[in-house]
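Below, each chain spelled out in residue letters.
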Amino acid sequence: MFGLMSTFTRVYQWYIAGAILGFGCGYIYSLPVPILINNWFQEKASLAMGIASMCSGLGGAIISPIGTMIIAQYHWRAAYVALALTSLGLVLPFSIFVLRFQPKDLGLKPYGAEAKPKTQPSAMQGVQAGIPAAVALRSGTYLFLVFTAACIGFMDKFVQHIPSFIGFLGFAPAQIAALSSCMMLGTVGAKPLLGWLIDRLGAKRGALCALTGLGLSFTLMILANQVLAGLFIALLLFGFGPALSIVGSPQLTRDLFGTRDFPTLYTYISMVVMLVGAGSVSCVGYLFDAFGSYNPAFTLAILAAILAAVFVLVAFSGAERIKQQVGASHGSGFS
């Protein structure tokens with residue numbers, strides 16, 4: 001699609017391309033990365049997920065100025081050709097020759113598999129530990145995880161409006177550039193930080209820390225939007241929004257239901273995050289047009305952060321009961 005976009009001459013072609021690219025991205029990044037990492041890492045999976053997602057941000061930070069340079073020196077059509085060739089060269093060889101779905105395909109074990117004593121009881125006797133999808137999908141716990149994912153999706157896509165928000169405040173160009181860089185730094189750095197927190201504290205506490213930071217971020221954007229120091233803190237903390245979407249939601253799914261049917265369970269959660277996020281972009285825009293300010297949208301985001309924290313607590317409370325029930329029926333409890 002990137003290659004074909006270099007030949008487009010009609011507006012409708014961009015709409016078609018956008019739909020196909022959005023469909024394809026799910027197969028390239030949104031779903032495979034969390035599934036592969038949770039297959040390959042029994043320990044430190046959250047940190048690995050944070051590093052992987054951080055690299056996507058770094059890649060964008062590197063490629064974007066290169067694309068701008070190509071556009072300036074040659075043409076935007078040439079930039080699309082370069083982007084197509086770069087994407088092909090980075091993704092295809094590794095997909096064919098390096099990546100494998102799970103370690104046993106190469107006769108290996110996941111990272112950290114040897115760290116646990118052999119006498120330690122597994123989460124569930126069988127190929128993989130966890131709650132079966134048939135049980136999880138019918139549970140109230142999964143419903144509250146869906147609600148959490150919806151709140152995360154709503155907050156995550158504010159990233160599309162933050163540059164406009166910064167420009168709307170009327171700062172000098174140099175200050176706007178510094179604030180934009182701060183937002184990018186927060187978006188990149190929060191992902192490995194959240195992964196580290198989840199590995200140290202668990203998905204529940206890690207997510208609650210991130211939601212607290214995100215709620216504080218939106219609060220500062222309302223109360224301190226004319227104070228540079230307050231805005232710098234707010235934009236750094238805002239990085240927890242994309243981090244919760246990319247790192248937090250798969251690890252919440254894993255901690256709640258285990259790895260047995262993780263791909264099935266996370267697929268629906270990812271879909272909720274993306275669908276609500278797509279609607280969030282328009283919602284924020286409509287609210288700004290209606291009120292002439294981003295404050296109403298930021299207020300909704302604060303409410304979403306509070307609700308998500310409540311949903312996380314309720315989901316983990318219900319998960320303990322499901323683990324006990326499923327563990328008893330299989331003659332083993334969750335470790």
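Let us look at the structure shown here. Owing to the predicted nature of the structure, the values given are computational and were not obtained by experimental measurement.

## Here's the deal with the overall build of the protein chain
At step 1: When you go through the protein chain residue by residue, the secondary structure sums to 14 helices and 0 strands.
At step 2: Counting from the amino terminus, the protein chain carries its helices and strands in the arrangement α-α-α-α-α-α-α-α-α-α-α-α-α-α.
At step 3: Taking 335 residues into account, the globule formula puts the C-alpha radius of gyration at 20 Å, and the protein chain, at 21 Å, falls close to it.
At step 4: A total of 335 residues make up the protein chain; the buried ones form 40% of that total.
At step 5: If you take every contact in the protein chain between residues at least 6 apart in sequence, the share linking residues at least 24 apart comes to 80%.
At step 6: Approximately 17100 Å² of the protein chain is accessible, and the part contributed by carbon and sulfur atoms is 69%.

## Notes on unusual backbone geometry
At step 1: A positive phi angle, near 60 degrees, is found at Lys-44, a position not held by glycine.
At step 2: Structurally, the position occupied by Lys-44 is in the loop between α3 (32-40) and α4 (45-73).

## Section: the packing of aromatic side chains
At step 1: Within the structure shown, the criterion is met by 21 aromatic pairs.
At step 2: With centroids separated by 5.8 Å and ring planes inclined at 90 degrees, the aromatic side chains of Phe-144 and Phe-147 adopt a geometry described as edge-to-face. With Phe-144 and Phe-147 both in helix α7 (residues 140-156) and 3 residues apart, this pair spans about one turn of that helix.
At step 3: Exposure remark for Phe-147: the relative accessible area of 34% places this residue in the partly exposed category.
At step 4: Site record: aromatic cluster; members linked through ring pairs are Phe-154, Phe-158, Phe-165, Phe-168, Phe-218, Phe-238, Phe-288, Tyr-294 and Phe-298.

## Some details on helix α9 (residues 173-201)
At step 1: With 29 residues, α9 should cover 42 Å at 1.5 Å per step; its first-to-last C-alpha distance of 40 Å lies within 8% of that length.
At step 2: If you look at α9, its biggest bend is around 30 degrees, right at Ala-190, and the proline Pro-192 turns up within four residues after that.
At step 3: Phi turns positive one or two residues past the end of α9, at Gly-202, with a value near 95 degrees.

## Focus: the nonpolar core
At step 1: Counting 72 residues, the largest nonpolar core has Met-155, Phe-158, Phe-218 and Met-221 as the members making the most contacts within it.
At step 2: Of the residues forming this core, the biggest block, 13 residues, is contributed by helix α14 (residues 295-329).
At step 3: Excluding residues within four positions of it along the chain, Phe-218 makes contact with Met-155, Phe-158, Phe-238, Phe-298, Ala-301 and Ile-302.

## Describing the packing of α3 against helix α13 (residues 262-291)
At step 1: Packing of α3 against α13 brings their axes to within 10 Å, and their N-to-C directions diverge by 150 degrees. When the interaxial angle is binned, α3 and α13 end up roughly antiparallel. Here the hand of the crossing between α3 and α13 comes out right-handed. Across from Pro-34, Ile-35 and Asn-38 in α3, the residues of α13 making contact are Phe-262, Pro-263 and Tyr-266.

Criteria and cut-off values
Residues numbered from 1 in each chain as written. Predicted model: local features only at pLDDT ≥ 70, side-chain atom pairs only at ≥ 80, totals over all residues. Heavy atoms only, no water. Helix = DSSP H or I, 4+ residues; strand = E, 2+ residues; numbered from the N terminus. Rg over C-alpha atoms; globule rule 2.2 N^0.38 Å. Buried < 20%, exposed > 50% of the residue type's maximum accessible area, 1.4 Å probe, protein only. Contact = heavy atoms within 4.5 Å. Areas by Shrake-Rupley, 256 points an atom, 1.4 Å probe, with all protein chains shown as cover. Phe/Tyr/Trp six-rings, centres within 6.5 Å; stacked < 30°, edge-to-face > 60°. Expected span 1.5 Å × (residues − 1). Bend = angle between axes of the 7 residues up to and from the residue. Core = buried A, V, L, I, M, F, W, Y, C linked by side-chain atoms within 4.5 Å. Axes fitted to C-alpha atoms, helices over the stretch in contact; angles between N-to-C directions. Parallel < 35°, antiparallel > 145°, perpendicular 65-115°, else oblique. Left-handed = near helix turned anticlockwise from the far one by under 90°.

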